[in-house]
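The residues making up each chain are set out below.
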Amino acid sequence: GENVEQHPSTLSVQEGDSAVIKCTYSDSASNYFPWYKQELGKRPQLIIDIRSNVGEKKDQRIAVTLNKTAKHFSLHITETQPEDSAVYFCAAGSGGGADGLTFGKGTHLIIQP
Amino acid sequence: DAGITQSPRYKITETGRQVTLMCHQTWSHSYMFWYRQDLGHGLRLIYYSAAADITDKGEVPDGYVVSRSKTENFPLTLESATRSQTSVYFCASSAGYTGELFFGEGSRLTVL
């Protein structure tokens, strides 16, 4: 089955700086790569996703890049703000994610004032 | 629009007891999922369902049973709870064609 590795497990950045979280996956059949944000005590929520026919996708301050050859994808957050503090999960799946996603173990992003 | 709801939100039980966690969605999504979340393990898929009466095992199905007699409901049963099943359980649904998962609020289960 799919295996997703996520790094780092904890990331502390100064407010206003950029944050980068990286994930690798093992199954070349995976074609859907979403990122979820989970605030303390809340449910995970989708923030951005990318499919295998796209190399990069941006949405305001967040962007995701995908390298299918190397089987890795990354989340980039620019101009970080206090409300970006949360746990971020990457995931990989096939069939548009309809068969279930395999999640990384999460990155706790801490924004220092 | 309630979306996707789970009950109970909090449950304490004892080893060996049967526990059922309920999940209900109002979107008529075809796909439904159960994940467990544990510190250091992220979210792990227990079972999923592509439609009513169709279920399949995920990564960690042992000790759990699911059913889906109606599209909107997807209960998860722990037939004989063990301490290792202490966790936060998230139900999720998806329309399938987008892949986006919509999570419920979670059910925190403690097995003593």
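Structure's up top.
Procedures and definitions
Residue positions are counted from 1 within each chain, in the order its sequence is given. The naming scheme follows written order: chains are lettered A onward, ligands numbered 1 onward. With the structure being a predicted model, the display of local features is reserved for residues of pLDDT at least 70 and the display and counting of side-chain atom pairs for 80 or more, all residues being used for whole-chain, interface and lining totals. Side-chain measures were taken over the full set of non-hydrogen atoms in the model, leaving aside hydrogen atoms and water. A contact between two residues is defined here by any heavy atoms of the two lying within 4.5 Å. The buried area of a pairing is the accessible area, by a 1.4 Å probe, that goes missing from both parts when the two are put together, added over both. Here a salt bridge means any side-chain nitrogen of Lys or Arg lying within 4 Å of a carboxyl oxygen belonging to Asp or Glu. Any pair of nitrogen or oxygen atoms within 3.5 Å is treated as a polar contact; in protein, a donor-acceptor pairing is required on top of that, and neighbouring residues in sequence qualify only through side-chain atoms on both sides. Helix and strand labels come from DSSP, where a helix needs a run of H or I of at least four residues and a strand needs a run of E of at least two; each type is numbered from the N terminus. Burial here depends on accessible area, computed with a 1.4 Å probe over protein chains only, as a share of the maximum for the residue type. Under 20% is buried, over 50% is exposed, and the range in between is partly exposed. Definition used in this section: a nonpolar core is a set of buried Ala, Val, Leu, Ile, Met, Phe, Trp, Tyr and Cys residues joined via side-chain atoms within 4.5 Å. Should DSSP find at least two bridges between two strands, the strands are taken to pair. Helix axes are fitted to C-alpha atoms over the stretch in contact, other axes to C-alpha atoms as well, and angles between N-to-C directions run from 0 to 180 degrees.

Asks: I'm lost on the interface of chain A and chain B in this one. Help?
Replies: When the parts come together, some accessible area is lost, and that loss is often what is quoted as the size of the interface. With 19 residues of chain A at the interface, the matching set in chain B holds 21 residues. Both sides together, the interface formed by chain A and chain B hides about 1600 Å², and carbon and sulfur atoms give 53% of it. Counting every contact that joins chain A to chain B gives one salt bridge. The partner of A:Arg43 in a salt bridge is B:Glu105, with the nearest N and O atoms 3.6 Å apart. Counting every contact that joins chain A to chain B gives four residue pairs in polar contact (both at pLDDT 80 or more).

Asks: Quick question: what am I supposed to make of the pattern of salt bridges here?
Replies: Residues and elements named next belong to chain A. Summed over the entire model, instances satisfying the criterion amount to nine salt bridges over all chains. As a salt-bridge pair, Lys37 and Glu39 come within 3.6 Å of each other at their nearest N and O atoms. Connected through shared salt-bridge partners, Lys37, Glu39 and Lys42 make up one network.

Asks: Please explain the side chain of A:Lys37 as it appears in this structure.
Replies: Residue and element names in this part refer to chain A. Mapped onto the elements of the fold, Lys37 is located in strand E4 (residues 32-38). Using a relative accessible area of 18% as the deciding quantity, one classes Lys37 as buried. Among the polar contacts listed, one links the side chain of Lys37 to the backbone oxygen of Glu83, at a separation of 2.8 Å. Not counting the four nearest positions on each side in its chain, Lys37 is found in contact with Arg43, Pro44, Gln45, Ile47, Glu83, Asp84, Ala86, Val87 and Tyr88.

Asks: Can you help me understand the nonpolar core in this one?
Replies: Proteins that are soluble and globular tend to have nonpolar side chains buried together. Within the largest apolar cluster, 23 residues are counted, with the highest numbers of intra-cluster contacts made by A:Trp35, A:Phe73 and A:Leu109. Elements supplying a minimum of two residues to this core: strand E2 (10-14), strand E3 (19-25), E4, strand E5 (45-51), strand E7 (62-67), strand E8 (72-77), strand E9 (86-92) and strand E11 (107-112) of chain A. With sequence-adjacent residues up to four places away left out, A:Phe73 is seen in contact with A:Ile21, A:Lys22, A:Cys23, A:Tyr25, A:Phe33, A:Trp35, A:Thr65, A:Leu66, A:Cys90 and A:Ala91. Counting residues in hydrophobic clusters, the runner-up holds 18 residues, among them B:Val19, B:Trp34, B:Leu76 and B:Tyr89.

Asks: So what exactly am I meant to see when it comes to unusual backbone geometry here?
Replies: Keep in mind that most residues, glycine aside, have a negative phi and that most peptide bonds are trans. Residues and elements named next belong to chain A. Note that the residue after His7, namely Pro8, is joined by a cis bond; omega there is -5°. Mapped onto the elements, Pro8 comes out in the loop between strand E1 (4-7) and E2. Positive phi outside glycine occurs at Gln60, with the angle close to 60°. Positionally, Gln60 belongs in the loop between strand E6 (56-59) and E7. With a phi angle near 45°, Glu79 is a residue other than glycine that sits in the positive phi range. If you trace the backbone, Glu79 turns up in the loop between E8 and E9.

Asks: Where do I start with the sheet that holds E7(A) in this structure?
Replies: Pairing between the strands of a sheet is mediated by backbone hydrogen bonds and can be parallel or antiparallel. Residues and elements named next belong to chain A. With antiparallel pairing, the five strands of this open sheet are ordered in space as E1-E3-E8-E7-E6. With partners counted over all chains shown, the strands left at the sheet margins are E1 and E6, one partner each. For this sheet the average axis-to-axis angle between neighbouring strands, irrespective of direction, equals 15°. In terms of strand pairing, E3 meets E8 through six bridges, oriented antiparallel. Following the sheet pairing, Cys23 is matched in E8 by Phe73.

Asks: Where do I start with the sheet that holds strand E7 (residues 64-66) of chain B in this structure?
Replies: Residue and element names in this part refer to chain B. Strands sit in the order E1-E3-E8-E7 across an open sheet of four strands; the sheet is antiparallel. The open sheet has two edge strands with one neighbour each: strand E1 (4-7) and E7. On average, each strand axis in the sheet is inclined to that of its neighbour by 15°, with strand direction left out of account. Examined bridge by bridge, E1 and strand E3 (residues 19-25) share four bridges and lie antiparallel to one another. Across the sheet, Thr5 pairs through a bridge with His24, a residue of E3.

Asks: When you look at the pairing of strand E11 (residues 107-111) of chain B in this model, what are you seeing that I'm missing?
Replies: For a regular strand, the rule is simple: side chains alternate between the two faces of the sheet. Residues and elements named next belong to chain B. With burial as the criterion, only one face of E11 is covered, namely that bearing Ser107, Leu109 and Val111; the residues Arg108 and Thr110 on the opposite face remain uncovered. Relative to E11, strand E2 (residues 10-13) runs parallel, the two sharing four bridges. Bridging across to E11, Ile12 finds its partner in Thr110. Two strands pair when backbone bridges link them, and strand E9 (residues 87-94) and E11 are joined in this way by three bridges, in the antiparallel orientation. The partner of Val88 across the bridge, within E11, is Arg108.

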